[in-house]
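A look at the structure
Single-letter residue listing:
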Amino acid sequence: TGVQTCALPIFEGNSIQCSIYPGSFRTIVWKNNQLQLASLFDYSAPEDIAYILLNICHQHAFKPDDTALILDGMIDSRSNLSNELNKYFRHISFANVSENISLSRGLSEYPSHYFHHLIELAVCAL
């Protein structure tokens, strides 16, 4: 069997993909369809994440208002973190698991963005 590779999704314009974990988050930053940054950051409070994402926007010379922020992992749309991010980013969406992947009953009881980063990684490994 050969090694299979998975391409990272590319979004039009500027985007930040952000996977939230307890105490840390991963970002993948795209500017004009070019990969700019892939990094892991630690945080203590929701404001830390917002600050770091705003700093990333500043460093890469794009406006938060014009940037797509795609979230997955342990974040709820009604959380303090979500409220904090909504202050600065207008284009926020939650990542969805591909339609051709079915989740077990236990997992399907939760929003798919909770497990998106893990499922997509597993699919790439197949």
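Preceding this paragraph is the structure being described.
Rules used in this analysis
Residues numbered from 1 in each chain as written. Predicted model: local features only at pLDDT ≥ 70, side-chain atom pairs only at ≥ 80, totals over all residues. Heavy atoms only, no water. Helix = DSSP H or I, 4+ residues; strand = E, 2+ residues; numbered from the N terminus. Core = buried A, V, L, I, M, F, W, Y, C linked by side-chain atoms within 4.5 Å. Buried < 20%, exposed > 50% of the residue type's maximum accessible area, 1.4 Å probe, protein only. Contact = heavy atoms within 4.5 Å. Pairing = 2+ DSSP bridges. Axes fitted to C-alpha atoms, helices over the stretch in contact; angles between N-to-C directions.

1. Thoughts on the environment of Tyr51
- Counting through the fold element by element, Tyr51 comes out in helix H1 (residues 46-59).
- When the C-alpha atoms of Tyr51 and Leu85 are compared, they prove to be 9.4 Å apart, with 34 residues separating the residues in sequence.

2. Remarks on the nonpolar core
- Counting 18 residues, the largest nonpolar core has Ile16, Leu53, Leu69 and Leu85 as its most contacted members.
- Only strand S1 (15-21), strand S2 (24-31), H1, strand S4 (68-73) and helix H2 (80-86) provide two or more residues apiece to this core.
- A per-element tally of this core places H1 first, with six residues.
- With residues near it in sequence (within four places) discarded, Leu85 still touches Ile49, Ala50, Leu53, Leu69, Leu71, Ile75 and Ile92.

3. Regarding the sheet that holds S2
- Here five strands make up an open sheet; going across it, the order is S3-S2-S1-S4-S5 and the pairing mixed. The open sheet has two edge strands, strand S3 (34-42) and strand S5 (91-94), and neither has a second partner. Mean inter-strand twist for the sheet, computed between neighbouring axes without regard to direction, equals 20°.
- Lying on the sheet, H1 is in contact with S1, S2, S3 and S4; it crosses S2 at an angle near 20°.

Geometric descriptors of this kind do not, in isolation, establish any biological role.
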